[in-house]
Every structure is written in structure tokens, then in C-alpha cells.
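One-letter residues, chain by chain:
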Amino acid sequence: MMEYPLLLRSILDRANELFPQKEVVSRDYTGIHRYTYADYYRRVCRLANVLRELGVKKGDRVASLAWNNHRHLELYLAVPCYGAVLHTLNLRLFSEQLAYVINHAEDSVIFVDEDLLPLLDGIKEKLGGVRHFVVMTDRRELPATSLSPVHAYEELIASASDNFDFSRDLDEYTPAAMCYTTATTGDPKGVIYTHRGLYLHSMCLGMADSLALSEEDTLLPIVPMFHVNAWGTPFACTWFGSKQVLPGSRPDIKVICDLIVEEKVSLAAGVPTVWMGLLALHRKARYDFSSVRGFVCGGSAAPKSLIQAFDKEVGAPILHAYGMTETTPLVFASKPKSYMKDWPEDKIYDQIAKQGLLVPGLEMKVVDEEGRDVAWDGKQMGELLLRGPWIAKEYYKDPERSMSAFAGGWLHTSDIVTVDEEGFVNIADRSKDLIKSGGEWISSVDLENIIMSHPDVQEAAVIAIPDEKWMERPAACVVLQEDRRGQVEYEDITNFLQGKVAKWWLPDKIIVVDEIPKTSVGKFDKKMLRQRYAGG
Ligand code: ADP
């Protein structure tokens, strides 16, 4: 066979050559922006010329602080195909963390959406290493800013040439992109994605038993483009010629529902809290979601009750998947095997509520505290270890934390899981969220998923609270359905749990709250809940 490097320019060329008339739709500040992959390609070439004019060298880190929009998508391919590394900044980081990741990555240029400029203005003194700021706006004039030197994206693009000869001789292990994962303790940890890793991961998104993403799809990523590259979907969609619908700045759930209907979206991707919000709105407003073939749900466990409600009320399935920043991210996809279709309905739902089967290409191990493989019986818990061509090999410039997380050539995920006889993996918990009661483990994820199947409950997050006798006991923070507020007692929830979980799993406390705090990527923020209700 030929020696043929796996490079992202293959994605760019294919979109331009085979799908020049397919559309990218983007919700901009002034309305809906539409263009084709032919237009996209031209602007990506112009952007590569702009990078050269700004003095960007191969290997330099170029950052984006942006929503899901067409300019961000242009950076997605222009920067890596030029030979630089796209660092997608999490726009919800606290300012000290934002300054930390920009300096740790040594970003040379930052491309920033106009409404996010204040985030950089606020930390300008700390950004001595950044050579240029480029503001992405639909307006003619630049908004007021203290940053310098500052340029307008559209002006730079307008004066650049349409032609750019993207290099063919990059090594496939060349870094293409990077993200930081929010660490619970200490500073955020950087993960580098290579051309090869992103190329193979994109192929995996197209496999029939993962997302089966194809040219026929219209994909709406609600997952931010700074959260593990919107789960890799922008690369795969561009390669396959799928129509992309990018929801822009601060999309609320109504904007998302309208875009799904108007643009006939077939696949949308987001974390469970997004889908809980969509379900609540759909129950009031009744949208026509007939174009949708699946709602991809990952980042946290999809509760069984949510999966059932989507089938029965929304009319399109939840496609449950698991991954992490260190894994590009796709690792498990939950789809029943063909013979499982004959199982009783409830058992099928139990199966899909698990995180699913390992996708082709990766290897896993599940080990106990002594490093021994656990039995595949759906009961024994162990830590999940992973390796493969799209699993990170280390944290960027962080030898100490890399040593423990990547010991022995495996990524140690800190996720505690079981594996059943069919090979389906179930995430019991992140190790820090497990509740250790009297020497036994209680899975907060299992408990909250059952609580969320209570008809009066909209959201539930379970945390450990300290206990003199048992060391830790579970407490459930619960948001009630709007019409049931003030009418639900502790016993209503615990009676409902009787018979569904072991008696000693019953929460000691039900804390009714108006809202569960969310992390920067929309997951239940258990760290915050622990600070509020468990003293640490
Ligand atoms: P953060 O650490 O900021 O949440 P990541 O997206 O990298 O960012 O988090 C990855 C973690 O999210 C995994 O290690 C796992 O604990 C959790 N996770 C991801 N997908 C699922 C899922 N489908 N079910 C349960 N947990 C999930």
C-alpha cells in the first residue's frame, strides 16, 4: 500500500470538489447567513493567506473565542490545513482560567466574536504573548476595544487572495487542534488532536453503528465548538458534504427548536440538560420534529426516562454516546444489537440507557483497584482504561499529571463502570462523584436517573453528604415540574424509589431547588452542589 498521510486537507478538498452546492447555515448577529461549500472553500483559502500575513508559523497556536458559526467553521479547517494548531477557547471559563489557558498554550493570534470581546478586554494585561486580535463581526465598524493590535475579520478576508496551496507534506501526527478540559482541582489540562486522530475519528462518526453521519444529514451542533470540537462533527460533516446548521450566539431552546423545524435538521447534538429543556418546551408548544432521525446525547448519562419520552412524545430517538476531551471524543455508542430488538421493551430501554459498545478502532480495559480485569457481569465495578488512534497520549506541557493519567500507555479515565455480558458499558460514576456509604459504592448516576423518571421531577442530581456512621450518604437535589412545585414531599420521592433500588441507596435528604447549577458545558455542576449542601 502507499504511504499516505492522513491529513485534514482531504476534508477540505472533498467538500469543495464534490459538494460545492451544499449549504452551511449560520445564525449570525444580523440574521441567518447561508453559503455553500464552494464559498466556504474560497474563504478558507483567503483565511489561510490572512494567517500568513499575520506572521503565523507552522506549529503556532491560533485561538478562537467564538460561538458555533460559519467563521468559526472557517478557522476549523484553515488553521490546521495551514499547519498551525486551532485552540478553541471555552468562553465560559472564569477570567483567570481563560488567561491561564491562553498563556499555557502560548496562543499567538486570537480570533474573537464581537460579543465576546469584553472577556478579553478584561484580561488584556495578562495577554502579553498574543501578537494579534481579530474580531469576527457582521458590522462594518469594529466595536470599541482596548485590545491591540486589532483587526476586522471581514476586512482581512476581503483583501486576501482566493488561492492557497495547502501543504501536502505535513506529517500525519502534526497537531491540528487543541482543547483544555476543566479539571476539578488545579489548572485546566490541554489535549492535542493530531491530523491523523481527527481524520480517523471523523471516519468513525460515519460508521453505521456509531452516528452513521452522511451526506443525507443536516446536522445542528448545540454542543459548543469549544467542547471537544463540537464532538468532531464539523470535520465529519464537511468531509461527507452534510448540510450544517450552526446556532450562533447564545441560542436558547426556542431558537434551537425553530432552527430544527425551519432547516429540517436530521441530527442534533447536545448534552442531556439541553434535551431536558427541549422536552419541557415541546410539551407546551408541540413542534414538528418529523425531519429528525436522532438527538445525539452525550457528555453525561442520558436518563432512561428521557430516552423513553423522546421516543413516545418527540418522535425521534435519543442516540446515546459517551466520550471525553481526551478521546476526541467518541468512545461508546449505545444501539441495541439486532437480536435485542426482540427483547421486552423495558429491557431494551435499560440497555440503551447504558453508554453502549466500544466503537471500532479503540481498545478498553476495566480494572479493579489492584489492576485486575473485572468480570463482564454488569455488576462488578472498575475503572475504565482506553487506548487507540484518537485517544490522547498526554496532557500538553504537563508531565506530572500526564504520568498518572496515561500510565502504562493507557488513558485512565477516572470513570467507574460495569460491563455486561453483551459488552455494553455502563458508567456508574466519575470516581469523585461515587458515594461511598459504609464501604459500599452507590452510583449517583443510577440514583438520579431513577429519580428523574418520577413524573413530578424535571431534573435531579445526587451528591454525597458526610455522615458520621456511614462516612457518606446520598442527598438528591431535585427540580420539580413547574405545575408540581410546593406539592411534593420527601416520602413522595423515596416511596417511588422503594423496590427500584436497594434500601440503603435511598437518599437521606431530598433538597428541592429552583435550578441545578450547570458547568461551562451544560452538565450538572456537582462540585458546586457539594460546596452548597455538603460543606465542600
Ligand atoms: P468535563 O470534564 O468538563 O465535563 P468532558 O466532556 O471531557 O469535560 O467530560 C468527560 C466525562 O463526561 C467523562 O469522563 C464521563 O465522566 C462523562 N460522560 C461523557 N459522556 C457520558 C455519558 N454518555 N454518560 C455518562 N457520563 C458521560
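Scroll up a little and you will see the structure.
Not measured: the values here are computed from a predicted model.

The rules we used
Residues numbered from 1 in each chain as written. Predicted model: local features only at pLDDT ≥ 70, side-chain atom pairs only at ≥ 80, totals over all residues. Heavy atoms only, no water. Helix = DSSP H or I, 4+ residues; strand = E, 2+ residues; numbered from the N terminus. Rg over C-alpha atoms; globule rule 2.2 N^0.38 Å. Buried < 20%, exposed > 50% of the residue type's maximum accessible area, 1.4 Å probe, protein only. Contact = heavy atoms within 4.5 Å. Areas by Shrake-Rupley, 256 points an atom, 1.4 Å probe, with all protein chains shown as cover. Lys, Arg positive; Asp, Glu negative; His and termini not counted. Charge placed at Lys NZ, Arg CZ, Asp CG, Glu CD. Arc of directions from axis to C-beta. Pairing = 2+ DSSP bridges. Salt bridge = Lys/Arg side-chain N within 4 Å of Asp/Glu carboxyl O. Core = buried A, V, L, I, M, F, W, Y, C linked by side-chain atoms within 4.5 Å. Domains from an automatic or database assignment. Axes fitted to C-alpha atoms, helices over the stretch in contact; angles between N-to-C directions. Near = heavy atom within 4 Å. Polar contact = N/O pair within 3.5 Å; in protein donor to acceptor, adjacent residues only side chain to side chain. Nonpolar A, V, L, I, M, F, W, Y, C, P; charged D, E, K, R; others polar. Parallel < 35°, antiparallel > 145°, perpendicular 65-115°, else oblique.

**Student:** What's the story with the overall build of the protein chain in this structure? I'm lost.
**Tutor:** Within the protein chain, the regular secondary structure consists of 17 helices and 25 strands. Computed over C-alpha atoms, the radius of gyration of the protein chain comes to 23 Å, within 12% of the 24 Å expected from 2.2 N^0.38 for 536 residues, which places it in the range of a compact globule. When the backbone C-alpha atoms are referred to their principal axes, the protein chain occupies close to 70 × 55 × 50 Å. Expressed as a percentage of its 536 residues, the buried residues of the protein chain come to 59%. Restricting the contact set of the protein chain to residue pairs at least 6 apart, pairs at least 24 apart contribute 69%. When the accessible surface of the protein chain is summed, it comes to about 22500 Å², and 50% of that surface belongs to carbon and sulfur atoms. The average position of the 60 basic charges and that of the 76 acidic charges among the side chains of the protein chain differ by 1 Å.

**Student:** Help me understand helix α16 (residues 490–497), please; the structure alone is not making it clear to me.
**Tutor:** An α-helix turns once every 3.6 residues. As a result, residues three or four positions apart point the same way. Among all positions of α16, only I493, T494 and L497 are buried. What you see down the axis of α16 is that its buried residues fit within an arc of 90°, all on one side. At its buried positions, α16 is contacted by α15 (444–451), β23 (457–467) and β25 (509–512). G499 sits one or two positions beyond α16 and adopts a positive phi of about 85°.

**Student:** Got a minute to help me understand helix α12 (residues 304–314) in this structure?
**Tutor:** Along α12, the residues that are buried comprise S305, L306, I307, A309, F310 and V314. The elements touched by buried residues of α12 are α11 (272–285), β13 (294–297), β14 (318–323), α13 (345–352) and α15. Backbone geometry just downstream of α12 places G315 in the positive-phi region, at approximately 90°.

**Student:** Please clarify how the sheet that holds strand β16 (residues 357–358) should be interpreted in this entry.
**Tutor:** As a general point, the strands of a sheet are linked pairwise by backbone hydrogen bonds and lie either parallel or antiparallel. Overall, mixed pairing links the nine strands, which are arranged β2-β1-β11-β10-β12-β13-β14-β15-β16 in an open sheet. Every other strand in the sheet has two partners, leaving β2 (31–36) and β16 as the edge strands with one partner each. Where strand β10 (residues 218–221) and strand β12 (residues 267–270) come together, three bridges link them in parallel fashion. Paired with P221 across the strands is A269, a residue of β12.

**Student:** Where do I start with the pattern of salt bridges in this structure?
**Tutor:** For side chains of opposite charge, pairing can occur when their charged atoms come near one another. Tallied over the entire structure, the rule returns 37 salt bridges. Here R283 ties to E313 by a salt bridge, and the two come within 2.9 Å at their closest N and O atoms. On the criterion of sequence distance, the pair formed by R283 in helix α11 and E313 in helix α12 is long-range, its members being 30 residues apart. Residue R283 is classed as partly exposed on the basis of its relative accessible area, which comes to 38%. On the basis of relative accessible area, E313 is assigned to the partly exposed category, the value being 29%. A salt bridge links R473 to D508, with the shortest nitrogen-to-oxygen separation between them at 3.1 Å. Here R473, found in strand β24 (residues 471–480), pairs with D508, found in the loop between α16 and β25; they are 35 residues apart in sequence, far enough to count as distant. Owing to a relative accessible area of 36%, D508 belongs among the partly exposed residues under this scheme. Among the charged side chains, a salt-bridge network with shared partners connects R43, R71, E74, D138 and E154.

**Student:** I tried to follow the nonpolar core on my own but got confused; where do I start?
**Tutor:** Grouped together as the largest cluster of nonpolar side chains are 162 residues, with contacts concentrated most on F111, W275, F295 and I451. For this core, the element with the most residues is helix α2 (residues 37–53), which contributes nine residues. Counting the residues that make up this core, at least three belong to each of domain 1 (9–15 + 30–194) and domain 2 (433–536). W275 has contacts with I222, A268, A269, G270, F295, V296, C297, L306, F310 and I318, leaving out every residue within four places of it along the chain. Within the second largest apolar cluster, 28 residues are counted, among which are L89, Y180, F226 and Y396.

**Student:** Hey, could you run me through the sheet that holds strand β7 (residues 150–152) in this one?
**Tutor:** Spatial ordering of the open sheet is given by β7-β6-β5-β3-β4-β8-β9, a layout of seven strands whose pairing is mixed. A strand with exactly one partner marks an edge of an open sheet, and here the two such strands are β7 and β9 (189–194). When the angles between neighbouring strand axes are averaged without regard to direction, this sheet yields 25°. Both strand β5 (residues 107–113) and strand β6 (residues 132–136) contribute to a ladder of five bridges, which runs parallel. Following the sheet pairing, F111 is matched in β6 by V134.

**Student:** Hey, could you run me through the site of the ligand in this one?
**Tutor:** The environment of the ligand is made up of 17 residues, and the closest members are T182, A321, T325, D415 and R430. Within the contact set of the ligand, a nitrogen atom lies 3.4 Å away from a backbone nitrogen or oxygen of S300. Between the ligand and the protein, one listed contact pairs an oxygen atom with a side-chain N or O atom of D415 at 2.6 Å. Expressed as a share of its isolated accessible area of 570 Å², the protein-covered part of the ligand is 92%. Looking at the shell around the ligand, the elements that each hand over two or more residues are β14 and β20 (425–430). For the shell around the ligand, the element with the highest residue contribution is β14, accounting for four residues. Residues belonging to the shell around the ligand are distributed by class as follows: five nonpolar, nine polar and three charged.

**Student:** Help me out: how do you make sense of the side chain of N68 in this one?
**Tutor:** Checked against the element boundaries, N68 lands in the loop between β3 (61–65) and α3 (70–82). Taking the relative accessible area as the measure of exposure, N68 reaches 5% and is therefore buried. Here P221 takes part through its backbone oxygen, which lies 2.9 Å from a polar atom of the side chain of N68. Polar contacts involving the side chain of N68 include one to the main-chain amide nitrogen of M225, which spans 2.7 Å. Discounting residues that sit within four places of it in the chain, N68 has contacts with P221, I222, V223, P224, M225, L246, P247 and G248.

**Student:** Can you walk me through the packing of helix α10 (residues 253–262) against α11 in this structure?
**Tutor:** Packed helices, taken two at a time, are described by the angle between their axes plus the distance between the axes. Packing of α10 against α11 brings their axes to within 10 Å, and their N-to-C directions diverge by 80°. By the angle between their directions, the pair α10 and α11 is classed as roughly perpendicular. Every residue of α11 that contacts α10 at I253, K254, C257 and I260 is listed here: V274, G277, L278 and L281. When grouped by side-chain class, the residues that make up the contact of α10 with α11 number six nonpolar, one polar and one charged.

**Student:** Would you take a moment to explain the pairing of strand β15 (residues 330–334) for this structure?
**Tutor:** Along any regular strand, the residues point their side chains to alternate faces of the sheet. For β15, the tally of buried residues reaches five of five residues, placing the bulk of the element in the interior. Here β14 runs beside β15; their pairing, made up of four bridges, is antiparallel. Bridge pairing links G323 to L330 in β15. Looking at chain direction, β15 and β16 are connected through two bridges and run antiparallel. In the sheet register, A333 faces β16, and the bridge partner there is L357.

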